[in-house]
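Observations on chain architecture
Each chain is listed here by its residues.
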Amino acid sequence: MKIAISSDHGGNNLRQEIIQLLEELGLSYEDFGPKSNDSVDYPDFAMPVAEGVANGNFDRGILICGTGIGMCIAANKVKGIRCALVHDVFSAKATRSHNDSNIIAMGERVIGAGLAREIVSTWLAQDFEGGRHSRRVEKISEIENA
């Protein structure tokens, strides 16, 4: 599994924590920055991750900003992306198993590093259940293609 990860300045510290987790799990990843704590615009850092997942260069993506909201909104503008804002383990599991999410967004100002690590570990390990959920995900794709 290959992961794309990025943040804005408000998610820099948590991004470093999640990169450490990805390394511990032995997963391949690409870090899209930013390289400093200077203020940046989150859409500029959400787009490379979303586009990379949408075009198949990455299996999944992780986005982090202050709340996760801006990154999530920006990523979901890319066709084929199902980005979920996740701040608890149950939602991380449910969004993979029911919604086939391919990106998660989190907020560094909302959750701590320990919970974020648990969320990411759960989300990465969870498979899409398919079945009745496939029909619903397909309806989302139909909306995108309308």
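Residues numbered from 1 in each chain as written. Predicted model: local features only at pLDDT ≥ 70, side-chain atom pairs only at ≥ 80, totals over all residues. Heavy atoms only, no water.

**Comments concerning the overall build of the protein chain**
Each helix and strand in the protein chain was counted, giving six helices and five strands. For 146 residues, the compact-globule estimate of 2.2 N^0.38 gives 15 Å, and the protein chain sits close to it at 14 Å. By principal-axis analysis of the C-alpha atoms, the protein chain measures approximately 40 × 30 × 25 Å. Here the protein chain holds 146 residues, and the buried ones make up 47% of them. Total accessible area on the protein chain is roughly 7,100 Å²; 48% of this is exposed by carbon and sulfur atoms. The averaged location of the 20 negative side-chain charges in the protein chain is 7 Å from the averaged location of its 15 positive side-chain charges. (Helix = DSSP H or I, 4+ residues; strand = E, 2+ residues; numbered from the N terminus. Rg over C-alpha atoms; globule rule 2.2 N^0.38 Å. Buried < 20%, exposed > 50% of the residue type's maximum accessible area, 1.4 Å probe, protein only. Areas by Shrake-Rupley, 256 points an atom, 1.4 Å probe, with all protein chains shown as cover. Lys, Arg positive; Asp, Glu negative; His and termini not counted. Charge placed at Lys NZ, Arg CZ, Asp CG, Glu CD.)

**Looking at the nonpolar core**
Residues Ile18, Leu22, Ile62, Ile104, Met106, Ile119 and Val120 are the most contacted members of the largest nonpolar core, which totals 20 residues. Ala4, Phe45, Val49 and Phe58 belong to the second-largest nonpolar core, a separate cluster that totals 19 residues. (Core = buried A, V, L, I, M, F, W, Y, C linked by side-chain atoms within 4.5 Å.)

**Details of unusual backbone geometry**
With omega at 15°, the peptide bond leading from glycine 33 into proline 34 counts as cis. Note that proline 34 resides in the loop between β2 (28–31) and α2 (42–54). Unlike most non-glycine residues, aspartate 100 shows phi in positive territory, near 50°. Of note, aspartate 100 is situated in the loop between α4 (89–97) and β5 (103–107).

**Describing the sheet that holds strand β1 (residues 2–7)**
Read from one edge of the open sheet, five strands run β2-β1-β3-β5-β4, paired in parallel fashion. Lying at the two open borders of the sheet, with one neighbouring strand each, are β2 and β4 (83–85). Pairwise comparison of adjacent strand axes, ignoring direction, gives a mean angle of 20° for this sheet. By the bridge criterion, three bridges tie β4 to β5 in an arrangement that is parallel. Bridge pairing links leucine 85 to alanine 105 in β5. α2 rests against β1, β3 (60–65) and β5 of the sheet, and its axis sits at about 165° to β3. Sitting on the sheet, helix α5 (residues 113–125) is in contact with β1, β3 and β5, with an inclination near 170° to β5. (Pairing = 2+ DSSP bridges. Axes fitted to C-alpha atoms, helices over the stretch in contact; angles between N-to-C directions. Contact = heavy atoms within 4.5 Å.)

Keep in mind that these numbers describe shape and distance, not what the molecule does.
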